[in-house]
Amino acid sequence: MKADKIRELDGKEIETQLKEAGEKLFRLKFQLKMGQAEGVKNYRELRKDRARMLTELSARKAAGSTPAAAPAKPATAKPAAAKAAKAKPAPAKAAKKESK
């Protein structure tokens, strides 16, 4: 599926297509491992299509045009002071002694 066609779909349709592509990938991968399928090209195309769909969904999520399918996890922000306290100091470099 081309990126233009993916952009025309709404979020729910993309998620449905994504789920179907994941199932097809699973079956095709299993067939390839068993030596039953010769469609390596189909496998590659399916992986690329799935990646295009994921890219479009993440772009929409970043733009805020598609609500998230799963509820967002609450952000667990750590104070900057706690991070600084845990940071290890940089090791001191040994001064080179010049012997002449």
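The sections below set out a description of the structure shown in this document. None of the values given here were measured: they were computed from a predicted structure.

Here is what the cut-offs are and how they apply
Residues numbered from 1 in each chain as written. Predicted model: local features only at pLDDT ≥ 70, side-chain atom pairs only at ≥ 80, totals over all residues. Heavy atoms only, no water. Helix = DSSP H or I, 4+ residues; strand = E, 2+ residues; numbered from the N terminus. Expected span 1.5 Å × (residues − 1). Buried < 20%, exposed > 50% of the residue type's maximum accessible area, 1.4 Å probe, protein only. Core = buried A, V, L, I, M, F, W, Y, C linked by side-chain atoms within 4.5 Å. Contact = heavy atoms within 4.5 Å. Salt bridge = Lys/Arg side-chain N within 4 Å of Asp/Glu carboxyl O. Axes fitted to C-alpha atoms, helices over the stretch in contact; angles between N-to-C directions. Parallel < 35°, antiparallel > 145°, perpendicular 65-115°, else oblique. Left-handed = near helix turned anticlockwise from the far one by under 90°. Nonpolar A, V, L, I, M, F, W, Y, C, P; charged D, E, K, R; others polar.

We now examine helix α3 (residues 40-63). For α3, built from 24 residues, the straight-helix expectation of 34 Å at 1.5 Å per residue is met to within 8% by its first-to-last C-alpha distance of 35 Å. Listed as buried for α3 are Tyr43, Leu46, Asp49, Met53, Glu56, Leu57 and Arg60. Backbone geometry just downstream of α3 places Gly64 in the positive-phi region, at approximately 85°.

Let us now look at helix α2 (residues 11-34). An ideal rise of 1.5 Å per residue puts 34 Å on 24 residues; α2 measures up with 35 Å between its terminal C-alpha atoms. Within α2, burial applies to Gly11, Ile14, Leu18, Ala21, Leu25 and Leu28. Gly35 occupies a position one or two residues after α2 and carries a positive phi of about 80°.

Moving on: the nonpolar core. Listed in full, the ten residues of the largest apolar core are Ile6, Ile14, Leu18, Ala21, Leu25, Leu28, Tyr43, Leu46, Met53 and Leu57. Among the secondary structure elements, those contributing two or more residues to this core are α2 and α3. Considering every element that reaches this core, the biggest residue donor is α2, with five residues. Non-local contacts of Ile14, meaning those with residues more than four positions away in its chain, are made with Ile6, Leu9, Met53, Glu56, Leu57 and Arg60.

For side chains bearing opposite charge, pairing can occur when the charged atoms are close. Inspection of the entire model under this criterion finds four salt bridges. For Asp4, the salt bridge goes to Arg7, with nearest N and O atoms at 3.1 Å. Of this pair, Asp4 and Arg7 are both found in helix α1 (residues 3-8), three residues apart, which corresponds to roughly one turn of the helix. The exposure class assigned to Asp4 is exposed, which follows from its relative accessible area of 52%. Residue Arg7 is classed as partly exposed on the basis of its relative accessible area of 48%. A salt bridge links Asp49 to Arg52; its shortest N-O distance comes to 2.6 Å. Linking Asp49 with Arg52, this pair stays in helix α3, spanning three residues, or about one helical turn.

In contact at an axis separation of 9 Å, α2 and α3 are set at 150° when each is read in the N-to-C sense. Taken together, α2 and α3 sit at an angle that is classed as roughly antiparallel. Two packed elements cross with a definite hand, and for α2 against α3 that hand is left-handed. Touching Gly11, Ile14, Glu15, Gln17, Leu18, Ala21, Gly22, Lys24, Leu25, Leu28, Lys29 and Leu32 of α2 are Val40, Asn42, Tyr43, Leu46, Arg47, Arg50, Met53, Leu54, Glu56, Leu57 and Arg60, all from α3. Classifying every residue of the contact of α2 with α3 gives twelve nonpolar, four polar and seven charged.

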